[in-house]
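The residues making up each chain are set out below.
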Amino acid sequence: MSIRGKTAIVGIGETPTDRLGGKPGEPRKSTAEYLAWAARLAMKDAGLTKKDFEGQGLAAIYTTNHSQPFWPEEVAAILGITPGVSLAGGNGGASSVSLLGHAAAAITAGLCDLVLVIAAAAPFSERGGHRGTPADTRDYEMPFGVMGPNCKISFVMSRYMHESGMTEEHFGKIAVTGRYHASLNPNAYLRKPITIEDYKKSRLISDPIRLLDCVLPANGGKAYIMTTAERAKSLRKPPVYLLGWGECNNASYGPRYRANPLITGITQAGKRSFDMAGVTHKDIRCLNLYDDYIPIVMIQIEDLGFCGRNDKAFFERTDFTFKGDLPIQTSGGMINCGQPSTTGGMLHVLETVRQIRGEGGARQVPNIKFGISTGVGAVNYGKNFGCTAAAIMGSEA
């Protein structure tokens, strides 16, 4: 049974992002406060109340600064609701897109009529419980100075530059486009326009990764609400239908030794979403791609099939702005709007919904009917991302 067009997003909520709480005297909010705030905004957007979610679905995304295993139950307690179906997002930055499919399957199966998908994190104002260091990190990364995602992605970027011939000009163009869109987005955290020269002059973090390649950690909360296609027609906002969806985890299977760090599951997840949706690449007018780093955006554009592998000429000639050939990162992306831990990836779902509704404001993509969002998570040792998901949404079922 296909989930194509059976469900729609009918409400979205996004708190402002901030970086407060790390210094003495700064105002601070907890993860629980961001959760409640995001839920309230999403319910208001949909014209629903908390009572509407009694016995319905709740999907909570684990955040990296909360290590306890009962997070969906704790979120239910924080929000004061009693769900009949609980889902958990444990795929890191891919969770928000992954849960689109899982929630749609639960609704289509008749397990519930509504699902609230929600995430929040406050890494600057809270310090979560200690999580054990994975054995491969402990034994094969830290002793050799590989400290976190910046170092790991620098290997990916180096390999990508070697194989593709991409230069700072190509990466800078994507960074400048994202910041341009952020300058038009009142919800963005970084809004001052930048130039390719600014990109080139930004300091190295882990060669060749520069500061303007990197995502912006932040506090915040986000949520979206899904329901049946039938019920969606009677609610406050125009429904945005889930038309295609795919997920792929551990794509670079096999021995870790000498694995190709450019292999991602977006190739498989994207193909599944296109096959289900029954649309072509030319139909897609907006790409909101997981963007913890600039090179990851470019690799996903290739993996989704919008250009050939290592196609420098495509990146040079294409206008990626909201009024151009292939609009990408129309919110500004997490790099400019902020990444509240695993919550950040939901930005790309919410932005595609806004664009299809026609709520993009000064950055509205003209004549849009279909958009795609992706999520990736888990930077594994010797590989690319371990979790990937893609979803195509549209204005008509």
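Criteria and cut-off values
Residues numbered from 1 in each chain as written. Predicted model: local features only at pLDDT ≥ 70, side-chain atom pairs only at ≥ 80, totals over all residues. Heavy atoms only, no water. Helix = DSSP H or I, 4+ residues; strand = E, 2+ residues; numbered from the N terminus. Rg over C-alpha atoms; globule rule 2.2 N^0.38 Å. Buried < 20%, exposed > 50% of the residue type's maximum accessible area, 1.4 Å probe, protein only. Contact = heavy atoms within 4.5 Å. Areas by Shrake-Rupley, 256 points an atom, 1.4 Å probe, with all protein chains shown as cover. Lys, Arg positive; Asp, Glu negative; His and termini not counted. Charge placed at Lys NZ, Arg CZ, Asp CG, Glu CD. Phe/Tyr/Trp six-rings, centres within 6.5 Å; stacked < 30°, edge-to-face > 60°. 1 Å grid on protein atoms, 1.4 Å probe; cavity = no way out; pocket = protein on both sides within 12 Å on 5 of 7 lines; lining within 4 Å. Points joined across faces, edges and corners; volume = space filled by probe spheres on them. Nonpolar A, V, L, I, M, F, W, Y, C, P; charged D, E, K, R; others polar. Arc of directions from axis to C-beta. Axes fitted to C-alpha atoms, helices over the stretch in contact; angles between N-to-C directions. Parallel < 35°, antiparallel > 145°, perpendicular 65-115°, else oblique. Pairing = 2+ DSSP bridges.

**Some remarks on the overall build of the chain**
Inference 1: When its secondary structure is counted, the chain shows 13 helices and 11 strands.
Inference 2: Scaling as 2.2 N^0.38, a compact globule of 397 residues should have a C-alpha radius of gyration of about 21 Å, and the chain matches this with 20 Å.
Inference 3: Considering the chain as a whole, with its 397 residues, one finds that 59% of them fall into the buried category.
Inference 4: Considering only contacts in the chain between residues 6 or more positions apart, those separated by 24 or more positions represent 77%.
Inference 5: Summed over all atoms, the accessible surface of the chain reaches about 15,900 Å², with 54% contributed by carbon and sulfur.
Inference 6: Computing the positive centroid from 43 side-chain charges and the negative centroid from 36, the chain places the two 2 Å apart.

**Let's talk about the packing of aromatic side chains**
Inference 1: Evaluated as defined, the whole model comprises 7 aromatic pairs.
Inference 2: Centroid distance Phe315 to Phe320: 6.0 Å. Interplanar angle 40°. Geometry classified as tilted. For the pair formed by Phe315 and Phe320, the shared burial category is buried.

**Re empty space enclosed by the protein**
Inference 1: For the coordinates displayed, the defined rule picks out 2 cavities of 30 Å³ or more.
Inference 2: Considering the residues around the largest cavity, the lining is formed by 13 residues, among which Ala175, Gly178, Ile294, Ile335 and Asn336 are closest to the centre.
Inference 3: Secondary structure elements with two or more residues in the lining of the largest cavity: helix 6 (168–183), helix 10 (294–303) and helix 12 (333–337).
Inference 4: The element contributing the most residues to the lining of the largest cavity is helix 6, with 4 residues.
Inference 5: Partitioned by chemical class, the residues of the lining of the largest cavity number 7 nonpolar, 4 polar and 2 charged.
Inference 6: In this structure, the second largest cavity encloses a volume near 30 Å³.
Inference 7: Lining the second largest cavity are Thr264, Ile266, Ile296, Gln300, Val376, Asn384 and Phe385.
Inference 8: Here the lining of the second largest cavity is composed, by residue class, of 4 nonpolar, 3 polar and no charged.

**A closer look at helix 2 (residues 71–79)**
Inference 1: Where helix 2 is concerned, the buried positions are Trp71, Pro72, Val75, Ala76 and Leu79. Buried residues in helix 2, looked at end-on, bunch into an arc of 145°, giving them a common side. Facing away from the buried side of helix 2 by over 90 degrees, the exposed positions are Glu73 and Ala77.
Inference 2: A positive backbone phi angle near 75° is found at Gly80, which sits one or two residues after helix 2.

**Comments concerning unusual backbone geometry**
Inference 1: Cis geometry is found at the peptide bond from Asp207 to Pro208, where omega equals 10°.
Inference 2: You can see Pro208 is positioned in the loop between strand 5 (204–206) and strand 6 (209–210).
Inference 3: Of note, the phi angle at Asn367 is positive, near 55°, even though the residue is not glycine.
Inference 4: With respect to the element layout, Asn367 can be found in the loop between helix 13 (346–357) and strand 10 (370–379).
Inference 5: Judged by its relative accessible area of 73%, Asn367 falls in the exposed class.
Inference 6: Positive phi, normally seen in glycine, also occurs at Ala378, with a value near 70°.

**Description of the packing of helix 6 against helix 10**
Inference 1: Where helix 6 meets helix 10, the axes come as close as 9 Å, and the angle between the chain directions of the two elements is 95°. As summarised for this structure, helix 6 and helix 10 are arranged roughly perpendicular, according to the angle between their axes. Contact residues: His170, Phe171, Ile174 and Ala175 in helix 6; Ile294, Pro295, Val297 and Met298 in helix 10.
Inference 2: Class assignment for the residues of the contact of helix 6 with helix 10 results in 7 nonpolar, 1 polar and no charged.

**Description of the sheet that holds strand 9 (residues 284–288)**
Inference 1: The sheet built from 9 strands is open, its strands ordered 3-2-4-7-1-8-11-10-9 with mixed pairing. Of all strands in the sheet, those with a lone pairing partner are strand 3 (85–89) and strand 9, marking the two edges. Going across the sheet, the axis of each strand differs from the next one's by a mean of 25°, ignoring polarity.
Inference 2: In terms of strand pairing, strand 2 (residues 57–61) meets strand 4 (residues 114–121) through 4 bridges, oriented parallel. When the sheet's bridge partners are listed, Ala60 is paired in strand 4 with Ile118.
Inference 3: Packing of helix 9 (residues 266–277) onto the sheet brings it into contact with strand 8 (240–249), strand 9, strand 10 and strand 11 (385–394), and relative to strand 8 it is tilted by some 150°.
Inference 4: Where helix 13 meets the sheet, it contacts strand 1 (7–14), strand 2, strand 4, strand 7 (220–228), strand 8, strand 9, strand 10 and strand 11, and its direction lies at approximately 110° from that of strand 1.

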